[in-house]
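Spelled out from the first residue to the last, the chains are:
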Amino acid sequence: MNENKDNRKRYTNALLFGLLLILIFNAVIMPMLNNQPVKDTEYSFFLEQIEDGNVSKVEITDNEVNFQTKDDQKYSTVRIDDPDLVERLNDKGDIEFTGVSTQQSPLQSFLFAWVLPLIFLFALYSLLFRTLGKRMGGLGNAMSFGKSNAKVYVKAQTGKTFADVAGQDEAKEALKEIVDFLHDPDKYAEIGANLPKGALLVGPPGTGKTLLAQAVAGEAEVPFFSISGSEFVEMFVGMGAAKVRDLFSQAVEKAPCIVFIDEIDTIGKKRDGQIGGNDEREQTLNQLLTEMDGFDGKKGVVILAATNRPESLDPALLRPGRFDRRIPVELPDLAGREAILNVHAKKIKLTDGIDFNAIARATAGASGAELANIINEAALRAVRNGRSAVDQSDLEESVEVVIAGYQRKNAVISQQEKEIIAYHEIGHALVAAMQKDSAPVHKITIIPRTSGALGYTMQVDEGEKFLMTKEEALARLATLTGGRSAEEIIFNTCTSGASNDIEKATKLARAMVTRYGMSSTFDMIALETVNNQYLGGDTSLACSPETAARIDDEVNRIVKNAHAKAVQILTDNIDKLHELAHYLLDKETITGEEFMAILKPEKSLV
Ligand code: ADP
Ligand code: MG
Ligand code: ZN
């Protein structure tokens, strides 16, 4: 309905604007087009011309005399009180003359005096209120004050079902009960069971929270009100609360139905009681809390919400009777990743014999959204290469594109630097291969990427890993320091290329000391807490400054040991290091098999 109104308004505005243009055109432009240049002249000249019989036409207005000579030149002169003028003109016989009143016709003056200003004012008014109204959530139209945006509500069917969501079986299981409830609320009411009013989907970005909510709506075949938390945030105190009220009154009307509030942390943040806190947000939250208590749970209104910052939510939101059910939507495991790849691969053409398991293994830690992106990148690459179906190489390359960016084929890197990069990468790979607790090398490349990586070594575990042993952590540290170690041994220097390795090694070593209890100095003490579990996982220290200093020492010691171990491994295998580095320099990209064939020729022959 609102949309119709908007359209009508737009048409009226266009019409008025057109009218205005025509008026201006008539009043200003037309006279300009009609008239040839008019020369100003003296009255005596006018009389002279009459005497000489040169004048063909005269127009006498209230204060001007306009005349035209026989050679079609137009003149204008000031009118002088000249009672004989008419007689003189009449005497000549062949002069056409008329008097013209400069006063506008009544219609014209009416238009100019009344209609034009009105139109102008009206245009100004509607322009002002349209922009203001948008900002203030519909102030322009007094009736829609504080209404939640209607377009959000239109979507009744999402077209998504649980089949579109791969993996996430536990989440689906929990949501199926809700779907069942929406199908048949009476079944639950008979026993007297109350289904949770709300369920909170929590997990890292891109794991399919929004998708799951849409699937629930699709499965339940009920209206689905979707609104994002940020849409409640308004400029004026009280507007967000009004929107919440409106949302719930509509939902109760349409029950059974689902209300989905995406990114609920925008309004659901803890009320911290600081003076001068965010009044608008707190009011909106209070309204939400009240509404969730207010409606009858047996009616069949289920509220889903999604967030990736559950720890920042107000405890009142999470108590029983509100969002009491928490559904974790975690990053997919190996089987989950393979399933997600399969779901998205259905939309594209594939060649036979694609090994999705290999791709899933190479993408540990990737979210559903990233996996969907990998499939799409592969399809794009196939098109770019003029093929009609996606093959394994497209998928493998697109994994790297998503991890490290596109290849920078025309980056110019000097031979000297290339050599350093090659030794650096082989350093990583060799240290990894020589320790039994590290994942096998999958690929080594020294083609630079748009992410800034100059080369990298990809390690892929054979199966899914849920735990990390201390040995594995130490092996990983040694591998990370392997690149720098190779630079030191071969070139007797170190480069800035190891900065990313250093960052990762420090992070891992710190976690070993402060969170995993893997150091010899500290026992099982949590020295750090994780703040944003799902968003980067930054940590904050929870110990005295003295302890912090000891942590730093311990971290340093662990990394130092790993570094020494890497140097040892590389010096023991220096021949292989040279051989492999030159092979890599030559080929630019080598696979794990090629690598192993050079490293252990006797083994790969068997
Ligand atoms: P978020 O958890 O951030 O809300 P979305 O639900 O918006 O993530 O997911 C983004 C996209 O990622 C989806 O549109 C879908 O294409 C893909 N995706 C994520 N998880 C899955 C999954 N489990 N199965 C299939 N596709 C998924
Ligand atoms: Mg989302
Ligand atoms: Zn490195």
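Our structure's up above, just so we're on the same page.
(A) Main features of a nonpolar patch on the surface. The grouping of Phe-120, Leu-121, Leu-124 and Leu-128 at the surface amounts to a nonpolar patch, some 410 Å² of accessible area in total. Position of Leu-121 relative to the elements: it lies in helix α4 (residues 106–135).

(B) Local environment of the environment of Gly-497. By the element assignment, Gly-497 lies in the loop between α17 (470–491) and α18 (499–514). Separated by 42 residues in sequence, Gly-497 and Gly-455 have C-alpha atoms that sit 9.6 Å apart.

(C) Inspection of the sheet that holds strand β12 (residues 456–459) at higher detail. The strand order β12-β11-β15 describes an open sheet built from three strands, whose pairing is antiparallel. Looking at which strands have only one partner, the edges of the open sheet turn out to be β12 and β15 (589–591). Strand-to-strand twist in this sheet, taken as the mean axis angle between neighbours without regard to direction, amounts to 10°. Where strand β11 (residues 441–445) lies against β15, three bridges are found, and the strand directions are antiparallel. Bridge pairing links Lys-443 to Thr-591 in β15. Helix α16 (residues 415–433) rests against β11 and β12 of the sheet, and its axis sits at about 170° to β11. Helix α21 (residues 592–599) contacts β11 and β15 of the sheet and is inclined by roughly 80° relative to β15.

(D) Up close: the packing of helix α8 (residues 239–254) against helix α10 (residues 279–294). Between α8 and α10, whose axes approach to 7 Å, the crossing angle comes to 20°. Taken as axis vectors, α8 and α10 run roughly parallel relative to one another. In terms of crossing hand, the pair formed by α8 and α10 is right-handed. For the pair α8 and α10, the contacting residues are Met-239, Gly-240, Ala-241, Val-244, Arg-245 and Phe-248 in the first and Glu-280, Gln-283, Thr-284, Gln-287, Leu-288, Glu-291 and Met-292 in the second. For the contact of α8 with α10, the residue count by class is six nonpolar, four polar and three charged.

(E) Region of interest: the environment of Arg-337. Among the secondary structure elements, Arg-337 is positioned in helix α12 (residues 334–345). Residue class for Arg-337 comes out buried when judged on its relative accessible area of 2%. Residues Arg-337 and Arg-361, 24 residues apart in the sequence, show an inter-C-alpha distance of 8.4 Å. Setting aside anything within four residues of it in sequence, one finds Arg-337 in contact with Pro-332, Ala-360, Arg-361, Thr-363, Ala-364, Gly-365, Ala-366, Leu-371 and Glu-464. Looking at Arg-337, its side chain comes within polar contact range of the main-chain oxygen of Pro-332, at 3.2 Å. Polar contacts involving the side chain of Arg-337 include one to the main-chain carbonyl oxygen of Thr-363, which spans 3.3 Å.

(F) Up close: the pattern of salt bridges. Under the counting rule described, the total for this entry stands at 16 salt bridges. Among the salt bridges present, the one from Glu-177 reaches Arg-325, with a minimum N-O distance of 3.1 Å. Taken together, the positions of Glu-177 in helix α5 (residues 169–183) and Arg-325 in strand β10 (residues 325–328) put the pair 148 residues apart, joining distant regions of the chain. Exposure remark for Glu-177: the relative accessible area of 32% places this residue in the partly exposed category. Among the ionic pairs, Glu-400 bridges to Arg-449, the shortest N-O distance being 3.0 Å. Of this pair, Glu-400 sits in helix α15 (residues 392–404) while Arg-449 is found in the loop between β11 and β12, placing the two residues 49 residues apart along the sequence. Accessibility expressed as a relative area gives 1% for Arg-449, which makes it buried.

(G) Examining the packing of aromatic side chains more closely. Tallied over the full model, the rule gives eight aromatic pairs. Between Phe-46 and Phe-67, the ring centres sit 4.7 Å apart and the planes meet at 40°, which makes this aromatic pair tilted. On the criterion of sequence distance, the pair formed by Phe-46 in helix α2 (residues 43–51) and Phe-67 in strand β3 (residues 64–69) is long-range, its members being 21 residues apart. A relative accessible area of 2% places Phe-67 in the buried class. Every member of this aromatic cluster is reached through a ring pair, and the members are Tyr-43, Phe-45, Phe-46, Phe-67 and Tyr-75.

Cut-offs applied
Residues numbered from 1 in each chain as written. Chains lettered and ligands numbered in written order. Predicted model: local features only at pLDDT ≥ 70, side-chain atom pairs only at ≥ 80, totals over all residues. Heavy atoms only, no water. Patch = residues over 30% accessible without salt bridge, like charges linked within 9 Å, V, L, I, M, F, W, Y side chains within 5 Å. Areas by Shrake-Rupley, 256 points an atom, 1.4 Å probe, with all protein chains shown as cover. Salt bridge = Lys/Arg side-chain N within 4 Å of Asp/Glu carboxyl O. Helix = DSSP H or I, 4+ residues; strand = E, 2+ residues; numbered from the N terminus. Pairing = 2+ DSSP bridges. Axes fitted to C-alpha atoms, helices over the stretch in contact; angles between N-to-C directions. Contact = heavy atoms within 4.5 Å. Parallel < 35°, antiparallel > 145°, perpendicular 65-115°, else oblique. Left-handed = near helix turned anticlockwise from the far one by under 90°. Nonpolar A, V, L, I, M, F, W, Y, C, P; charged D, E, K, R; others polar. Buried < 20%, exposed > 50% of the residue type's maximum accessible area, 1.4 Å probe, protein only. Polar contact = N/O pair within 3.5 Å; in protein donor to acceptor, adjacent residues only side chain to side chain. Phe/Tyr/Trp six-rings, centres within 6.5 Å; stacked < 30°, edge-to-face > 60°.

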